[in-house]
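In case you want the letters, here they are:
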Amino acid sequence: MMLPAHGPVPSPPQQRAGQASDLLPLGDWIRHHSLRSWPVLLFLALICVPSIALVILGGSPSASTFDHVAWIFAAYFAVAWLLLLGVIIRPEHVTRTMLLVVTVIALVTQVPLAVTLEVALHAGNASLGPSIVTVGLPEELAKAIPVLVVALIYRGRYGLMPRDYLFLGAVSGLVFGASEVVHYFTVNGIAEFYLTVQSALPEIQNLILTGHSASTSVFAVLIGPVRYFILDFVWRFVTDPITHACWSGLTGYFIGLAATRRYKWYAVAWIGLVIAAILHGLNDWSRVNGHPLWIVVALVSGILFLGYAKVGSRGGQEDQQAWPPAFRLHPAVAQHPPATPPETPRPPVPAAPPRSTAGRPWWEH
């Protein structure tokens, strides 16, 4: 008589302990290394940033307070885009030190260099040519400097690939986009808003003189400009970092082709810079910016960026399988070999080699 095979039945104390750990698994939380990883820490920081910014803003904000909150707001969206780009691109050889080098160099050099070049070239966006040459090219050149520095420092080390340089270029673009939108908000935006309010004062005065209350008059005249100001700059905080990241990512990819010695540097290093400058100039051109064609330019920029990120290094199929299952275009189907007869012994399956340091995601380096 054969008895059914059953595992050992846990004792009542063990069952109660297991149920308690399911309800509040404190030990698992403490031991789980992924809960202490950089993406998780950044995620927790992003949750707290809005509250931190509002506390700093307080009930009586000053001009400097607005500057501080603008930087926090810009950094908030830049880091959020960084997490998303890290998941999409999955650079295997980029370390946190490289990210720090790119960020510091970008903060120190990008805006002064771009402003100096634009002033020297008399920047303007009234026509396409000047928009590309006097706006797009200087800013894309400024964003390429941090990537070039990393290429010189780490060339021949860590096995950096063009996709890694694309990611570093995107990080450089995130920093530049955040810095630029803060400048627009705290300098250009405030000045424009002041002029709007100043021009509205006579109309508000006329409404008050004709019997309308002060609050009604101010609301009727300024609600449109105020709403436009808020919406325009809120969306700039969201969109500027990622569009700059797409353009400078293209520059970084072609710098990577040169740095990895796949091609001569003079043959390819300039290609990404030219493509980025053209897209940037189109984006800023007065006949495109704010019009339906503007959406097309943003879409083309994103498609080119993702195309080079996923299949630019002849690794498209492998890269596609590296995406999380929910983001894959087609689920991977396991290819099973033909069934072998029962009498034929199966060869032993070799053990998988240990995972190298280069294969870890960027946030673990």
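Because the structure is predicted, anything quoted here is derived from the model rather than measured. Every chain is numbered independently, its residues counted from 1 as its sequence is written. Residues qualify for local features only when their pLDDT is at least 70, as the model is predicted, and side-chain atom pairs are given and counted only at 80 or more; totals for whole chains, interfaces and linings, by contrast, use all residues. Computation of side-chain values: all heavy atoms of the structure, hydrogens and water removed.

Quick word on the overall build of the protein
The condition that has to hold: Strands are runs of DSSP state E lasting at least two residues, helices are runs of H or I lasting at least four, and both sets are numbered from the N terminus onward. Categorising residues by exposure relies on relative accessible area from a 1.4 Å probe, with only protein chains included: less than 20% of the type maximum marks a residue as buried, more than 50% marks it as exposed, and the intermediate range marks it as partly exposed. Shrake-Rupley sampling with a 1.4 Å probe provides the accessible areas, and residues are treated as covered by the protein chains on show and by no other component.
Helix and strand counts for the protein stand at 11 helices and zero strands. Beginning at the N terminus, the succession of helices and strands in the protein can be written as α-α-α-α-α-α-α-α-α-α-α. In the protein, which comprises 365 residues, the proportion classed as buried is 34%. When the accessible area of the protein is evaluated, it comes to approximately 22300 Å², of which 70% is carbon and sulfur surface.

Re the packing of aromatic side chains
As a reminder, the rule being used: Only centres within 6.5 Å qualify two rings of Phe, Tyr or Trp (six-membered ring in Trp) as a pair; their planes then separate them into stacked at under 30 degrees, edge-to-face at over 60, and tilted for everything else.
Taken as a whole, this structure holds seven aromatic pairs when the rule is applied. Between the aromatic rings of Phe-73 and Phe-77, the centroid separation amounts to 5.0 Å while the plane-to-plane angle is 80°, which identifies the pairing as edge-to-face. Residue Phe-73 and its partner Phe-77 are both found in helix H4 (residues 63-89); the two are separated by four residues, about one turn of the helix. Members of the aromatic cluster, connected to one another through ring pairs, are Phe-73, Tyr-76, Phe-77 and Phe-237.

What to know about the side chain of Asn-283
As a reminder, the rule being used: Here, two residues are considered to be in contact whenever any of their heavy atoms come within 4.5 Å of each other.
As for its placement among the helices and strands, Asn-283 is situated in helix H9 (residues 265-284). For Asn-283, the residues in contact, after removing those within four places along its chain, are Trp-247, Asn-289, Trp-294 and Val-297.

What to know about the layout of surface pockets
Put simply, the test is: Two kinds of site are reported from a 1 Å grid over the protein atoms alone, namely cavities, where a 1.4 Å probe fits but cannot get out, and pockets, open sets with protein on both sides within 12 Å along at least five of seven lines, and residues are called lining when an atom falls within 4 Å of a point. Grid points are joined across faces, edges and corners, and a volume is the space filled by probe spheres set on the points.
If you add up the space inside the largest pocket, you get close to 1200 Å³. Contributions of two or more residues to the lining of the largest pocket are made by helix H5 (96-120), helix H6 (128-154), helix H7 (162-209), helix H8 (214-259), H9 and helix H10 (292-311). Per element, the largest residue contribution to the lining of the largest pocket is 12 residues, and it comes from H8. Computed from the structure, the second largest pocket encloses a volume of approximately 570 Å³. Around the second largest pocket, the lining is made up of 22 residues, and of these Leu-42, Val-79, Leu-82, Thr-103 and Val-171 lie nearest the centre.

A closer look at unusual backbone geometry
Phi is positive for Arg-90, which is not a glycine, with a value near 55°. With respect to the secondary-structure elements, Arg-90 resides in the loop between H4 and H5. Of note, His-122 is a non-glycine position whose phi angle comes to about 55°, a positive value. You can see His-122 is positioned in the loop between H5 and H6.

Let's talk about the side chain of Lys-310
Here is the rule we go by: As used in this structure description, the phrase polar contact means that two N or O atoms lie within 3.5 Å; if the pair is within protein, one of them must be able to donate a hydrogen and the other to accept it, and residues adjacent in sequence are counted only when both atoms belong to side chains.
Tracing the sequence through the fold places Lys-310 in helix H10. Residue Lys-310 is classed as buried on the basis of its relative accessible area of 11%. Within polar-contact distance, the side chain of Lys-310 engages the backbone oxygen of Ile-88 at 2.8 Å.

Side note on H8
Rules: To estimate how far a helix should extend, the number of its residues minus one is multiplied by 1.5 Å.
With 46 residues, H8 should cover 68 Å at 1.5 Å per step; its first-to-last C-alpha distance of 64 Å lies within 8% of that length. Trailing H8 by a residue or two, Arg-261 shows a phi angle of about 60°, which is positive.

Description of the pattern of salt bridges
Note the threshold: Salt bridge, as applied in this entry: a Lys or Arg side-chain nitrogen positioned within 4 Å of an Asp or Glu carboxyl oxygen.
One pass over the full model with this rule turns up two salt bridges. Of the charged contacts, one joins Lys-143 and Glu-140 as a salt bridge, the two residues approaching to 2.7 Å between their closest N and O atoms. Here Lys-143 and its partner Glu-140 are both found in helix H6, three residues apart, which amounts to about one turn of the helix. Note that Arg-236 is salt-bridged to Asp-240, the shortest N-O span being 3.5 Å. Of the two residues, Arg-236 and Asp-240 are both situated in helix H8; the distance of four residues between them amounts to about one turn of the helix. Judged by its relative accessible area of 24%, Arg-236 falls in the partly exposed class. What makes Asp-240 buried here is its relative accessible area of 9%.

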